[in-house]
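Breakdown of the fold
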Amino acid sequence: MTPTAVFNGLVGQDKAVSELEKAISSARSNSSGQEMTHAWLFTGPPGSGRSNIAKAFAASLVCSNSGCGTCTDCKSALAGSHQDVELFAVNGLAIKVDEIREIVARSAWSSSVSRWRVIVIEDCDRMTEAAGNALLRAIEEPGTSTVWLLCAPTLHDVIPTIRSRCRHVQLRTPSKSEITDFLISSLEVTIKEATFAAGLSQGHIGKARSYISDKNFKSTRQKLFQIFFSVTSEKKALHSAQELVNLAEGRVESKFAELIEKENESSKSIYQGTGRGLAAGGSKALKELEKDQKARTNRAIKDELDGYLLEYTSALRDCLVSKDQRLNYDLAEELENFSSKISPGGISKILSDLSTTRNLLNSNTSQTLLLEGFFLKVYRATSGH
Ligand SMILES: [Zn+2]
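Summary of the structure given here.

Rules used throughout
Every chain begins its residue count from 1, and numbering advances along the sequence as written. Where local features are concerned, this predicted model is filtered to residues with pLDDT of at least 70; where side-chain atom pairs are given and counted, the filter is 80 or more; whole-chain, interface and lining totals use all residues. For side-chain calculations, the full set of non-hydrogen atoms in the structure is used, while hydrogens and water are omitted. Here, nonpolar core means buried Ala, Val, Leu, Ile, Met, Phe, Trp, Tyr and Cys residues that are tied together by side-chain atoms lying within 4.5 Å of each other. For the exposure calls, accessible area comes from a 1.4 Å probe over protein chains only, and a residue counts as buried if that area is under 20% of its type's maximum, exposed if over 50%, partly exposed in between. Counting from the N terminus, the helices are the DSSP runs of H or I reaching at least four residues and the strands are the DSSP runs of E reaching at least two. When checking whether two residues touch, look at their non-hydrogen atoms; a contact exists if any pair is within 4.5 Å. Classification of ring pairs uses Phe, Tyr and Trp, with its six-membered ring standing for Trp, and accepts pairs whose centres are within 6.5 Å; under 30 degrees between planes counts as stacked, over 60 as edge-to-face, and the remaining range as tilted. Any two strands are treated as partners once DSSP identifies two or more bridges connecting them. Here the term right-handed applies to a crossover when the path leading from its first strand over the helix to its second strand runs clockwise, the strands being oriented away from the viewer. Two kinds of site are reported from a 1 Å grid over the protein atoms alone, namely cavities, where a 1.4 Å probe fits but cannot get out, and pockets, open sets with protein on both sides within 12 Å along at least five of seven lines, and residues are called lining when an atom falls within 4 Å of a point. Grid points are joined across faces, edges and corners, and a volume is the space filled by probe spheres set on the points. Comment: axis = line fitted to C-alpha atoms, over the contacting stretch for helices; angle = value between 0 and 180 degrees taken between N-to-C directions. Any N or O atom pair separated by 3.5 Å or less is treated as a polar contact, with the protein-specific requirement of one donor-capable and one acceptor-capable atom, and with residues adjacent in sequence counted only for side-chain atom pairs. Note on residue categories: nonpolar means Ala, Val, Leu, Ile, Met, Phe, Trp, Tyr, Cys or Pro, charged means Asp, Glu, Lys or Arg, and polar means any other residue, Gly included.

**With respect to the nonpolar core**
Core analysis: the biggest nonpolar cluster contains 38 residues, and Leu244, Tyr312, Leu316 and Phe375 have the highest contact counts within it. Those elements that place two or more of their residues in this core are α10 (217-229), α11 (234-273), α12 (278-318), α13 (332-339), α14 (344-360) and α15 (367-383). Once residues within four sequence positions are removed from consideration, Leu244 is found in contact with Leu224, Ile227, Leu305, Tyr308, Leu309, Tyr312, Leu371 and Phe375. In terms of nonpolar packing, the next biggest core, distinct from the first, is built from 33 residues, Ala16, Trp40, Phe42 and Cys63 among them.

**Some remarks on the packing of aromatic side chains**
Tallying each qualifying case throughout the model produces 13 aromatic pairs. Taken together, a centroid distance of 5.1 Å and an interplanar angle of 75 degrees make the contact between Trp40 and Phe57 edge-to-face. One end of the pair, Trp40, is in strand β1 (residues 39-43); the other, Phe57, is in helix α2 (residues 50-62), and 17 residues separate them in sequence. Judged by centre distance (5.5 Å) and plane angle (70 degrees), the rings of Phe225 and Tyr312 are edge-to-face. Taken as a pair, Phe225 in helix α10 and Tyr312 in helix α12 lie far apart in primary sequence, 87 residues in all.

**As for the side chain of Ser51**
In this structure, Ser51 sits in helix α2. Classification of Ser51 by relative accessible area gives buried; the value is 18%. Among residues more than four places away in sequence, those in contact with Ser51 are Glu122 and Cys151.

**Focus: the pairing of strand β3 (residues 117-121)**
Counting buried positions along β3 gives 5 out of 5 residues, so the element sits mostly inside the fold. Across the two faces of β3 the burial is the same, with Arg117, Ile119 and Ile121 and Val118 and Val120 all buried. Pairing of β3 with strand β4 (residues 146-152), which is carried by 5 bridges, proceeds in the parallel orientation. Across the sheet, Ile121 pairs through a bridge with Leu150, a residue of β4. In the classification by handedness, the crossover that spans β3, the intervening helix α5 (residues 129-140) and the parallel β4 is right-handed.

**A closer look at empty space enclosed by the protein**
All chains considered together, the criterion is met by 1 cavity of 30 Å³ or more. For the largest cavity, the calculated volume is near 40 Å³. Forming the boundary of the largest cavity are Leu200, Gln202, Lys207, Tyr211, Arg221, Glu311, Ser314 and Asn328. If you list the elements that add at least two residues to the lining of the largest cavity, you get α9 (205-213) and α12.

**Observations regarding the sheet that holds β4**
One open sheet accounts for 5 strands, arranged β2-β3-β4-β1-β5; its pairing is parallel. At either margin of the open sheet sits one strand with a lone partner, and together these are β2 (85-88) and β5 (167-170). On average, adjacent strands in this sheet sit at an angle of 15 degrees to one another, irrespective of strand direction. Direction of pairing for β2 relative to β3: parallel, over a ladder of 4 bridges. Paired with Leu87 across the bridge in β3 is Val120.

**Remarks on helix α8 (residues 191-201)**
When we look at burial in α8, the residues that qualify are Ala194, Phe196, Ala197, Ala198, Gly199, Leu200 and Ser201. Looking at the residues trailing α8, positive phi occurs at Gln202, about 50 degrees.

**Concerning the environment of Thr180**
Along the polypeptide, Thr180 turns up in helix α7 (residues 176-186). In this structure Thr180 comes out as buried when scored by relative accessible area, which is 10%. For the pair Thr180 and Glu193, spaced 13 residues apart in the sequence, the C-alpha separation amounts to 8.9 Å. Ignoring any residue separated from it by four or fewer positions in sequence, one finds Thr180 in contact with Ala194, Thr195 and Ala198. A polar contact is formed between the side chain of Thr180 and the backbone oxygen of Lys176, at a distance of 2.7 Å.

**With respect to the layout of surface pockets**
One simple way to see leftover space: roll a probe sized like a water molecule over the atoms. Within this model, the second largest pocket holds a volume of roughly 290 Å³. Along its surface, the second largest pocket is lined by 13 residues, and Glu193, Phe196, Tyr211, Phe217 and Lys218 are the ones closest to its centre. Looking at the lining of the second largest pocket, the elements with two or more residues in it are α8, α9 and α10. Sorting elements by how many residues they give to the lining of the second largest pocket places α8 first, with 4 residues. Of the residues in the lining of the second largest pocket, the class split is 7 nonpolar, no polar and 6 charged.

Shown next, in the form of structure tokens:
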């Protein structure tokens, strides 16, 4: 295994990986070169692997073999249980100032077993302004052994003052053939299945993998498009909106059910153990936990719905391109039928409505209302009303 094997799971990011490898070798040789620095910002489109590359970099900094991928240091760093590596992912909708303050306080601890103390913060675009400012102060005066690894979709998602203090690593969207090769080499899958999943994923590695491994993928996809194609009256448009929301809620609920139960159990046992019981600090903490869980669930439902709309986008784009460029092979017949009811201009209009609806998912507007509006437009465009 090569020394930086920990980066092997990344797809199509050779340029970024080679920059990090230089930093690792510079950090190890204690050279005075500029390759290593104390704050890094990883940006890239969803699914390009920005948090994975940050975690792999963290592992390689604490591994005595520069990121072998197999030693205890590497494995625990990647899993978030290494003493010198802290992985922070947003729990609710936003990263709060108190959370950043706690991380900053811990960042000052000296490392226990390795040369570096590494802190990975995913989704820095979700920091509140106050949280951003608290982080800025820490990055301005980093400890000699502290390394900050921040992740965000684009540079513009991070305040300029933080941006300017970080070394920027830009990830690219991996190509369809890169994803296909990756799926074939890492999962038990046929070339046909890999090509289909890679095409549908639109450059999102995690999605491509889950298309292969999610047992419910096919049935969810079926339901998703059944909802879309059944919009043949105003009443059905409203019904489809509700069904889509129900589908997303159901998927998210079953995804989090086990985790929520575990969190509730462990929270209760902590307070019962203090002898204060649930009546004192415990009930307040439980309420706080419930609030966080709710925020996390809401966020996940939005993401789930956004994913559905992205699938609609991909399918409708197929209606506008030549047959050999289509990705949604499994919907050929339905899309043919849909195209016969609407002009290419009408399809372009729905694509733009999809994009607007996706943007509005992040506002406070009710999701059901937004989707009702969207499906009504689909109905009118396909019925000539
Ligand atoms: Zn290792």
